[in-house]
Amino acid sequence: MSEIINNREHRQKVLKEIIRELHEGKTVDEVKEKFDQLIQGVSASEISQMEQNLIMEGLPVEEVQRLCDVHAAVFKGSIEDIHKPEAYEMPGHPVHTFKLENRALERLIDNSILPALDKFEKDDSSQNRQALLEHLIKLQEIDHHYKRKENNLFPFLENYGITGPPQVMWGVDDEIRAEIKESISRIENYDGNAAEASDFIRKTVDRVNEMIFKEENILFPMALETLTEDEWLKIAEDSEEIGYTLVRPAGRWQPERQDPEAAVPEQPVVDNKGTIRLETGVFTVEELEAMLNSLPVDITFVDKNNIVKYFSQGKERIFARTKSVIGRSVQNCHPPASVHVVNKIVEDLRSGKKDHEDFWIQKGEDFIHIRYFAVRNADGEYLGTVEFTQNIKPLRELTGEKRLLDE
């Protein structure tokens, strides 16, 4: 056993050395020979642990993210040849659905985007540009796939201490989203340089394909090795909230051991009289939940330890939330590129430098007002932060007056 552990530790050490050499400027070809001499095969869990260790040792997430495509190219042959995971093939299982979406994305790229791109390169007429544009807009549906991965799957991995790889992958997802948006912009605002636009679009779809490879050969096998059936079931149940990319699940998955009729929804904890007693009133749980969910706003509460404890579920949600976010660090609920902003807001509210912070953004036709308030007890002790999000477009359009009894 000690020999196996020592070999694994040695391999882990050399894997990190290879990544560091790439970081210092060596080419893929220069390190690939060293890699091939060392390893006959490498598992998804070792890739995961390598990234985790690099981040824990101080290498910024952004640096690991920058190297992600490079080291994936180095490891690709070994993973494909030796580590062939048997992912779930049960219709409705989250991995099955993720893979269905990946096949649909590949069809969109191979059968629609690339042929349209070939035509555009030969003839950049408005008709060919429009055809290409429509396919690229369709590619933006990948956002649902990425959001389910980031908001449904990653929280469970984080519960097992696997934080580095999800942070790296989320950062790359954001880069791909931005590149798809830029690809669309280059066709919508075409400046006559077909070669430049085409080259950018080809690189973008290459990154989409590379992410598909990383998901199916690194992320999903690692997750299947780690998560329980109950956790996969929660991911499947929460997926509808965010939506799907190009296809829908092929069925409703249930673990073989579970009787779907026997499932009992979780109930809030109340006192022995079935009520929640506050200083200025009393609620039943049903009343309190119904009241909060009837407000035309999204409310999220993060406690003093930066853990998400609650969110409301109004009829018209502004930003998607799934139940897997409960118990998750608020930093892990945001892309790596924006974590520093989250930390700054929380620290300003915690320290008392500010009592609230406001932002406003345009989201389609809606105008979204996002407010963060420090929550303190009667002694001024910081208890957490509440996020209050509202579409204020209807409010901005109000004019004149409407009296209480006016029709």
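Since we're looking at a predicted model, the values are computed, not measured.

Engineer: I'd like a description of helix 10 (residues 229-242), backed by residues and values.
Structural biologist: The end-to-end C-alpha distance of helix 10 is 21 Å, a good match for the 20 Å that 14 residues give at a rise of 1.5 Å each. For helix 10, the full list of buried residues reads Glu231, Trp232, Leu233, Ile235, Asp238, Ser239 and Ile242. Structurally, helix 10 contributes buried residues whose contacts are with helix 5 (94-122), helix 7 (142-159) and helix 9 (194-226). Positive backbone phi, at 105 degrees, marks Gly243, one or two positions downstream of helix 10.

Engineer: A description of the pairing of strand 5 (residues 356-363) should follow, citing residues and the corresponding values.
Structural biologist: In this sheet, strand 6 (residues 366-376) lies alongside strand 5 in antiparallel orientation, the contact comprising eight bridges. Its bridge partner lying in strand 6, Asp358 is registered against Arg371. Following strand 5, the chain reverses through two residues before pairing antiparallel with strand 6; Gly364 in that reversal takes a positive phi of roughly 65 degrees.

Engineer: Outline the sheet that holds strand 6, listing residues and values.
Structural biologist: Here we have five strands laid out as an open sheet, ordered 4-3-7-6-5, and antiparallel in their pairing. Sheet topology places strand 4 (308-311) and strand 5 at the edges, where each strand pairs with a single neighbour. Geometrically, the sheet is characterised by an average inter-axis angle of 15 degrees between neighbouring strands, direction not taken into account. Across three bridges, strand 3 (residues 298-303) lies against strand 4 in antiparallel orientation. By the bridge assignment for strand 4, Val302 is matched with Val308. Contacting strand 5, strand 6 and strand 7 (382-391), helix 12 (residues 339-351) crosses the sheet at an angle of about 40 degrees to strand 6.

Engineer: Mind laying out the packing of helix 7 against helix 9, listing which residues take part and the relevant values?
Structural biologist: Their axes nearest at 13 Å, the elements helix 7 and helix 9 cross at an angle of 25 degrees. Of the possible angle classes, the one that applies to helix 7 and helix 9 is roughly parallel. As helix 7 runs across helix 9, the sense of the crossing is left-handed. Only Val208, Met211, Glu215, Leu219, Phe220, Met222 and Ala223 of helix 9 make contact with helix 7, whose side of the interface consists of Ile142, His145, Tyr146, Lys149, Leu153, Phe154 and Leu157. The residue makeup of the contact of helix 7 with helix 9, split by class, is 11 nonpolar, one polar and two charged.

Engineer: Quick rundown of the packing of aromatic side chains? Include the residues and the values.
Structural biologist: All chains considered together, the criterion is met by three aromatic pairs. Look at Phe359 and Tyr372: their rings are 6.1 Å apart centre to centre, the planes differ by 80 degrees, and that puts the pair in the edge-to-face class. Residue Phe359 is located in strand 5, and its partner Tyr372 is located in strand 6; the two are separated by 13 residues in the primary sequence. Residue Tyr372 is classed as buried on the basis of its relative accessible area, which comes to 15%. The ring of Phe200 has Arg186 sitting right over it, with the charged end atom 4.1 Å from the ring centre. We note Arg396 situated over the ring of Phe367; from NZ or CZ to the ring centre the distance is 3.8 Å.

Engineer: Before we move on, could you go through the nonpolar core and cite the residues and values that matter?
Structural biologist: Note that soluble globular proteins tend to have their nonpolar side chains buried in a common cluster. Core analysis: the biggest nonpolar cluster contains 44 residues, and Ile113, Phe120, Leu132, Leu153, Leu157, Leu219 and Trp232 have the highest contact counts within it. When contributions to this core are tallied by element, the ones reaching two or more residues are helix 5, helix 6 (126-139), helix 7, helix 8 (164-188), helix 9 and helix 10. With 11 residues, helix 9 is the largest single contributor of residues to this core. Excluding residues that lie within four positions of it along the chain, Leu157 makes contacts with Ile162, Pro166, Leu219, Met222, Ala223 and Leu227. Among the nonpolar cores identified, the runner-up in size contains 16 residues, and Val302, Val308, Phe311 and Leu349 belong to it.

Engineer: So what's going on with helix 5? Residues and values would help.
Structural biologist: Over its 29 residues, helix 5 extends 41 Å from the first C-alpha to the last, a length consistent with the 42 Å expected when each residue adds 1.5 Å. Of all the bends in helix 5, the largest measures some 35 degrees and sits at Ile109.

Engineer: Residue-level account of the pairing of strand 6, with values.
Structural biologist: Looking at chain direction, strand 6 and strand 7 are connected through nine bridges and run antiparallel. Bridge pairing links His369 to Gln390 in strand 7. Hairpin connection between strand 6 and strand 7: a loop of five residues separates the two successive antiparallel strands, and Gly380 in this loop has a positive phi of roughly 85 degrees.

Calculation notes
- Residues numbered from 1 in each chain as written.
- Predicted model: local features only at pLDDT ≥ 70, side-chain atom pairs only at ≥ 80, totals over all residues.
- Heavy atoms only, no water.
- Helix = DSSP H or I, 4+ residues; strand = E, 2+ residues; numbered from the N terminus.
- Expected span 1.5 Å × (residues − 1).
- Buried < 20%, exposed > 50% of the residue type's maximum accessible area, 1.4 Å probe, protein only.
- Contact = heavy atoms within 4.5 Å.
- Pairing = 2+ DSSP bridges.
- Axes fitted to C-alpha atoms, helices over the stretch in contact; angles between N-to-C directions.
- Parallel < 35°, antiparallel > 145°, perpendicular 65-115°, else oblique.
- Left-handed = near helix turned anticlockwise from the far one by under 90°.
- Nonpolar A, V, L, I, M, F, W, Y, C, P; charged D, E, K, R; others polar.
- Phe/Tyr/Trp six-rings, centres within 6.5 Å; stacked < 30°, edge-to-face > 60°.
- Lys NZ or Arg CZ within 6 Å of the ring centre and 35° of its normal.
- Core = buried A, V, L, I, M, F, W, Y, C linked by side-chain atoms within 4.5 Å.
- Bend = angle between axes of the 7 residues up to and from the residue.

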